[in-house]
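These are the residues of each chain, in order.
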Amino acid sequence: MIALNENLRPDTASLGADLEQLYAETRASVCSYLLYIGVPSSQAQEVTQEVYLRLHQTMLKGTQIENLRAWLFRVAHNLGLKVRHRERAFRAVSPDWNQVATRAESAEDSLLNRQRHTRIAAAMETLSPQQRHCLYLRSEGLRYREIAEVIGISSSSVNEFLRRAIARLAEAANG
Amino acid sequence: MDNRTHLSTDDLILFMDRELDPAQTAEAEKHLLLCAECGTRLQALQKGSAAHHRYHEQILKPTLQVPETTWPRLKPKPRHNWTLWWAAAALAATLAVVWTYFPLRTEPSAQEVLEKAEAATESPRRELVFTTGPYRFARPALLETATSDARVQHIQALFVQADYSWANPLSARSFAAWRNQHLRDKRDFVTAIHEENGRSFYRIRTRTDSGILHSASLMLEAATYHPTKASFEFQGENLIEVAEQTSPPPPSKPQEAQSVAPPKPVETAATPEDELRVFAALDAIGADAEEPIDVTLDPAHHSVLVTGMGMPPDRRKQIEAALASLPNTIVRFSSSPAVLPDREADSTAASPSDTAFRQKLQDKAGGARQLQTLTDNALDISNALFAQSHALLVLAQQFPPPVESALTPASASTLLALRQRHLGAMSYALRRLQDQLRPLLADDVMITGNQQPAPWQTQAAQLYESTRNLDRLLSRLLAGTYDAPAGETMVKELPDDLSKLDSLVLASSK
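Definitions and limits used
Residues numbered from 1 in each chain as written. Chains lettered and ligands numbered in written order. Predicted model: local features only at pLDDT ≥ 70, side-chain atom pairs only at ≥ 80, totals over all residues. Heavy atoms only, no water. Helix = DSSP H or I, 4+ residues; strand = E, 2+ residues; numbered from the N terminus. Buried < 20%, exposed > 50% of the residue type's maximum accessible area, 1.4 Å probe, protein only. Contact = heavy atoms within 4.5 Å. Axes fitted to C-alpha atoms, helices over the stretch in contact; angles between N-to-C directions. Parallel < 35°, antiparallel > 145°, perpendicular 65-115°, else oblique. Left-handed = near helix turned anticlockwise from the far one by under 90°. Nonpolar A, V, L, I, M, F, W, Y, C, P; charged D, E, K, R; others polar. Pairing = 2+ DSSP bridges. Expected span 1.5 Å × (residues − 1). Bend = angle between axes of the 7 residues up to and from the residue. pLDDT = per-residue confidence, 0-100. Phe/Tyr/Trp six-rings, centres within 6.5 Å; stacked < 30°, edge-to-face > 60°.

Draft legend 1. A look at the overall build of chain A. Of the regular secondary structure elements, chain A holds eight helices and zero strands. Shown N-terminal to C-terminal, the secondary structure of chain A runs as helices and strands in the order α-α-α-α-α-α-α-α. Out of the 175 residues belonging to chain A, those deemed buried represent 56%. In chain A, the proportion of contacts linking residues at least 24 apart, taken out of those at least 6 apart, comes to 63%.

As structure tokens, this is what we get:
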């Protein structure tokens, strides 16, 4: 596995192999993110590929990338906004609760899981797009400063968005 | 942090997310060992965080359904067909007036609009004006004779090669005939546009990778489906725009306001809570900020009056359904926009700005096409900003401090959520706008001004003014007519306007 906080090997032969491996490991996360910010599914795949193409070009130029994961999300974010329909809202999540139920261990667990998810889904609906955006990237393992870099806002704004969002989610989870 | 006072929610979350520095972390740990109350609060936050994480992994991501794919070939494509490029930038340049247009979230399909437009009677026109780069010429709307002008012949050849009617290019039937060919990878975009003067339009844009005509757009009067403008993006050519020159105003039906939903019996006087419920219901269907809907209390305060103008039937039904169960609420839609004084002269008055200054802007943006893209995107975002600030202003006007203070806690909470939603959308749009405008700005925009604390209603009014000023500046700079000194002044003013708005949004979000 390629450590995402390490640079890819710069020689051309190794770079191709490293990128292919990186693509396999991270493509789903990047593509999910694009879908989440409203890029149509017909285009998300192409934009995802463009992200890795840009990475390849950047690496070939010898540019050092300190944090690959943040870089990937940032480029995906910028490209995604270009293709996203005007101010389209975040994708509405309409889960198939029956599918969710079958993944649970028992009927009781299934019911509890469903109730928990329903409460969180309802709380998510009350959050602003920025709050949801920050939460999404946080769940993808990005640090606050990385989220700030991806979205193009200050770390303190990220802190503020997450504070309000997590407090709201905690109310829902503990309610 | 000290051990005598409790940790703030902020600190607890930063601690949970390991975002505190080592010294702060040690302090927080020490406090948490001694303080059961903070420990309990931390557990509650961790429970919320864990629940969200499970939701993210088990519900959200599986719902997004990432398509299977293989490793891409790492060769750049000659043309990235996914790039949205709104050809209407130059269209906007023909408008000397500031437009405010709001994207409807449920636009009709291109097919639907075109079918209605094809069925409508096409009004006679005297002349069409063609504009491409610096070149501009007029010709009869319906061409019956050949031309000897080489430049016109070149444009004619492009239309012929693309199988697009040269004889009648500003026509829904011609557009549909081209669009209904077997175009490869055809993508349609329909936008509802509402001019500040109340006139509404549909803009249909079709992009394709087939042939030399990569994109064509047609603007239609929403009330009559009368085509007013078209633009064409041919491969390797400047954008070609076609517009009516000085034709009489297209026939419009007389303004008629009709009540679609019969008013419900009014039992009691309408209250601010009733009004807030209407805002919340509209917000729930995404209808309060970016659509031409007004919510007012009638003068006698008997009912909450919701009025909309020029909206598609499906959207009307959706709004009516959302408001159907609310008490003291009357919904009215105008079937056609107000007929205002003739603006045709305005719409053709714009001429290219000072060439040298325009060139300078193009150089900064990276080329003519990039400047058009920047223009279109920036004006789009500015409109979204303006719509959000207007929605916030409406809330401020409807719920001044005395009214707000009398609200129930639940209603106050709803009001707060609505405000935050608008402010969040503004903050997001502002970041995007700054990104778009970066090539034109000498430095990054710094937030400078300290805003004095003020009631949110006052701040909402300031935000509205600031957003409107920025929108006017952008519209004039990017799509207006002016000389070079005026252009230089506007470029200098831009960072200040952005900074001011940024600091206002920040202050209002606190």
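After presenting the structure, the write-up continues.
Draft legend 2. Molecular detail of the environment of L276 of chain B. Residues and elements named next belong to chain B. Positionally, L276 belongs in helix α8 (residues 272-284). Each C-alpha atom of the pair L276 and V304 lies 9.7 Å from the other, and the pair is 28 residues apart in sequence. Those residues in contact with L276, other than ones at most four positions away along the chain, are F399, L407, S411, T414, L415 and L418.

Draft legend 3. Examining the side chain of S389 of chain B more closely. Its location among the elements puts S389 of chain B in helix α12 (residues 368-398). The residues touching S389 of chain B, leaving out its near neighbours within four places in the chain, are M426, L463, Y464 and T467 of chain B.

Draft legend 4. Inspection of unusual backbone geometry at higher detail. Residues and elements named next belong to chain B. Even without glycine at this site, R18 takes up a positive phi of about 55°. Examined against the element boundaries, R18 turns out to sit in the loop between α1 (9-16) and α2 (22-34). In this structure R18 comes out as exposed when scored by relative accessible area, which is 68%. Look at D163: it is not a glycine, yet its phi comes out positive at around 65°. Overall, the relative accessible area of 53% leaves D163 in the exposed class.

Draft legend 5. Looking closely at the packing of helix α3 (residues 68-83) of chain A against helix α7 (residues 144-151) of chain A. Residues and elements named next belong to chain A. Following both chains from N to C, one finds α3 and α7 inclined at 25°, their axes separated by 8 Å at the closest point. Between α3 and α7, the interaxial angle falls into the category roughly parallel. Like other packed secondary-structure pairs, α3 and α7 cross with a definite hand, here right-handed. Along the contact surface, α3 presents A70, F73, R74 and H77, while α7 presents E146, E149, V150 and I151. Along the lines of polarity and charge, the residues of the contact of α3 with α7 split into four nonpolar, one polar and three charged.

Draft legend 6. Structural view of the pairing of strand β1 (residues 127-132) of chain B. Residue and element names in this part refer to chain B. Taking burial as the measure, the six residues of β1 include five buried ones, the bulk of the element. Across six bridges, the pairing between β1 and strand β2 (residues 135-140) is antiparallel. Across the sheet, E127 pairs through a bridge with P140, a residue of β2. Hairpin geometry of β1 and β2 is characterised by an intervening segment of two residues between the two adjacent antiparallel strands and by a positive phi of about 55° at G133.

Draft legend 7. Broad picture of helix α3 (residues 36-64) of chain B. Taking 1.5 Å as the rise per residue, α3 of chain B with 29 residues should run 42 Å; its terminal C-alpha atoms sit 40 Å apart, in good agreement. Bending of α3 of chain B peaks at approximately 40° at the position of H56 of chain B.

Draft legend 8. Looking closely at the pairing of strand β6 (residues 227-234) of chain B. Residue and element names in this part refer to chain B. Burial of β6 is extensive: eight of the eight residues sit out of reach of the surface. Note that strand β5 (residues 213-221) and β6 share seven bridges and pair antiparallel. Across the sheet, residue L213 finds its bridge partner in β6, namely F234. Linking two consecutive strands that pair antiparallel, namely β5 and β6, is a turn of five residues; a positive phi of about 60° is found at Y225 within it. Here four bridges tie β6 to strand β7 (residues 240-244), and the two strands are oriented antiparallel to one another. Bridge pairing in β7 places A230 opposite V242. Between β6 and β7, which pair antiparallel in sequence order, lie five residues; one of them, G236, sits at a positive phi of approximately 70°.

Draft legend 9. Spotlight on the confidence of the model for chain A. Residues and elements named next belong to chain A. Mean pLDDT over chain A stands at 77; residues scoring 70 or higher make up 76%. Mean pLDDT in chain A bottoms out at helix α4 (residues 97-103), which sits at 49, and peaks at helix α8 (residues 155-174), which reaches 90. Predicted confidence is poor over residues 1-6, with pLDDT under 50, and the contacts of this stretch with residues over four places away or in other chains come to 14 contacts. Segment residues 86-90 is flagged for pLDDT under 50; beyond a separation of four residues in sequence, or across chains, it makes 14 contacts in the model.

Draft legend 10. Structural view of the packing of aromatic side chains. All names here are of chain B. Considering all chains together, one arrives at 15 aromatic pairs over all chains under this definition. Ring geometry for F130 versus F137: centroids 4.8 Å apart, planes at 10°, classification stacked. Judged by relative accessible area, which is 11%, F137 ranks as buried. With a centroid separation of 5.8 Å and an interplanar angle of 70°, the aromatic rings of F175 and W178 are classed as edge-to-face. Of this pair, F175 and W178 both sit in helix α7 (residues 172-179), separated by three residues, roughly a single helical turn. Taken individually, F175 and W178 each receive the classification buried, so the pair is uniform in this respect. Among the aromatic residues, ring-to-ring pairing joins F130, F137, F159, Y164, W166, F175, W178, F232 and F234 into one connected group.

Draft legend 11. Layout of the packing of α8 of chain A against α3 of chain B. Where α8 of chain A contacts α3 of chain B, the two axes come as close as 7 Å, and the packing angle between them is 90°. For the element pair α8 of chain A / α3 of chain B, the angle class is roughly perpendicular. Contacts between α8 of chain A and α3 of chain B involve I166, A167, L169, A170, A173 and N174 of chain A from the first element and A44, L45, K47, G48, A51 and H52 of chain B from the second. Counted by class, the contact of α8 of chain A with α3 of chain B contains eight nonpolar, three polar and one charged residues.

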